[in-house]
Amino acid sequence: MPSASSLRGIDHIGITVPDLNAATAFFIEALGAEVLYDTLAKGQPPQEGADLQRRLRFLPGSSIRAMRMLRLGNGPSIELFEYAAPEQRPPARPNDLGLQHLAVYVDDMDTALARFQAAGGEVFSSPHELPALEQGPGNAFCYARAPWGTLIEFISYPSPQPYEQQTALRRWKPPERG
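Residues numbered from 1 in each chain as written. Predicted model: local features only at pLDDT ≥ 70, side-chain atom pairs only at ≥ 80, totals over all residues. Heavy atoms only, no water.

Asker: So what's going on with the domain arrangement of the protein? Residues and values would help.
Answerer: With domains assigned, the protein is organised as domain 1 (9-89) and domain 2 (90-177). Relative placement of domain 1 and domain 2: their C-alpha centres are 23 Å apart. With both chains or domains summed, domain 1 and domain 2 bury close to 1400 Å², and 75% of this area falls on carbon and sulfur atoms. Run the count over domain 1 and domain 2 and you get zero salt bridges. Run the count over domain 1 and domain 2 and you get two residue pairs in polar contact (both at pLDDT 80 or more). Listing elements by their share of the side of domain 1 that touches domain 2, those giving two or more residues are β1 (12-16) and α1 (20-31). For the side of domain 1 that touches domain 2, the element with the most residues is α1, which contributes seven residues. (Domains from an automatic or database assignment. Buried area = accessible area lost by both parts, 1.4 Å probe. Salt bridge = Lys/Arg side-chain N within 4 Å of Asp/Glu carboxyl O. Polar contact = N/O pair within 3.5 Å; in protein donor to acceptor, adjacent residues only side chain to side chain. Helix = DSSP H or I, 4+ residues; strand = E, 2+ residues; numbered from the N terminus.)

Asker: Give me the lowdown on the packing of α1 against helix α3 (residues 109-118), citing residues and values where you can.
Answerer: The axes of two packed helices give the description: the angle between them and the distance between them. Two elements in contact, α1 and α3, have axes whose closest approach is 7 Å; the angle formed by their N-to-C orientations is 150 degrees. With respect to α3, the axis of α1 lies roughly antiparallel. The chirality of how α1 crosses α3 is right-handed. Here α1 contributes Phe 26, Ile 28, Glu 29, Ala 30 and Leu 31 to the contact with α3, which in turn contributes Arg 115, Phe 116 and Ala 118. (Axes fitted to C-alpha atoms, helices over the stretch in contact; angles between N-to-C directions. Parallel < 35°, antiparallel > 145°, perpendicular 65-115°, else oblique. Left-handed = near helix turned anticlockwise from the far one by under 90°. Contact = heavy atoms within 4.5 Å.)

Asker: How would you sum up the UniProt feature "domain: VOC" (unreviewed entry) in the protein? Please name residues and give values.
Answerer: Mapped onto this numbering, the UniProt entry gives "domain: VOC" (unreviewed entry) at residues 9-157. For residues 9-157, the helix share is 19%, the strand share is 34%, and the end-to-end C-alpha distance is 20 Å. (UniProt positions renumbered as here; feature names shortened; annotations may be inferred.)

Asker: Outline the nonpolar core, listing residues and values.
Answerer: Core analysis: the largest hydrophobic core is formed by 30 residues, its most contacted members being Phe 27, Leu 31, Leu 80, Phe 116, Ile 152 and Phe 154. For this core, the leading source of residues is α1, giving six residues. Of the residues that make up this core, three or more belong to each of domain 1 (9-89) and domain 2 (90-177). Dropping the residues within four chain positions of it, Phe 116 is found in contact with Phe 26, Ala 30, Leu 31, Gly 121, Glu 122, Val 123, Ala 144, Arg 145, Ala 146, Ile 152 and Phe 154. Membership of the second largest hydrophobic core comes to seven residues, among which are Leu 40, Leu 52, Met 67 and Tyr 83. (Core = buried A, V, L, I, M, F, W, Y, C linked by side-chain atoms within 4.5 Å. Buried < 20%, exposed > 50% of the residue type's maximum accessible area, 1.4 Å probe, protein only.)

Asker: Outline the pattern of salt bridges, listing residues and values.
Answerer: Per the stated rule, a full pass over the model turns up eight salt bridges. Measuring nitrogen to oxygen at the nearest pair gives 3.1 Å for the salt bridge that ties Lys 42 to Glu 82. Note that Lys 42 is positioned in the loop between β2 (34-40) and β3 (47-48) and Glu 82 in strand β5 (residues 77-84), a separation of 40 residues in sequence. Classification of Lys 42 as partly exposed rests on a relative accessible area of 37%.

Asker: Tell me what's going on with a negative patch on the surface, and back it up with residues and numbers.
Answerer: A cluster of like negative charges, contributed by Asp 107, Asp 108, Asp 110 and Glu 176, occupies part of the molecular surface. Locating Asp 108 in the fold gives a position in the loop between β6 (102-105) and α3. Looking at Asp 108, the relative accessible area reads 41%, which means it is partly exposed. (Patch = residues over 30% accessible without salt bridge, like charges linked within 9 Å, V, L, I, M, F, W, Y side chains within 5 Å. Areas by Shrake-Rupley, 256 points an atom, 1.4 Å probe, with all protein chains shown as cover. Lys, Arg positive; Asp, Glu negative; His and termini not counted. Charge placed at Lys NZ, Arg CZ, Asp CG, Glu CD.)

Structure below.
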């Protein structure tokens, strides 16, 4: 069993989308994503079958139609999946079990939210101050939804946070652009 010290960090986040090209265009327009490569290009034979169903635990009759890896700033990549399936549910709500959102760090919250909204995303409210152990001048967050339903949190914490007085550990933060 690998030791905890062998873990280096989050490599990527997988998101199932209804249309790979539309989702890619949205991530480029809304968040400045860049396409790295297609693992399975649209138009190629889909990935399907009993072995894949066992490995991924998806419903019989489902297939992966396309997969694409995106780079998003200076953090984990985003892998987009387009499935064909006999039953597809909408994304989980925040109160459902499982992954509920992805958060992106931004330097300029208002500009990022305006760009996201202009690209077709829904911003739920104006930014809110981060809570207790994360508070500080300019430390804020705001939730939004991509056109297909994935929740995305915009977050910024340029100021020191109170939790830093309690531990030498620090949450990961993208390096400053230089």
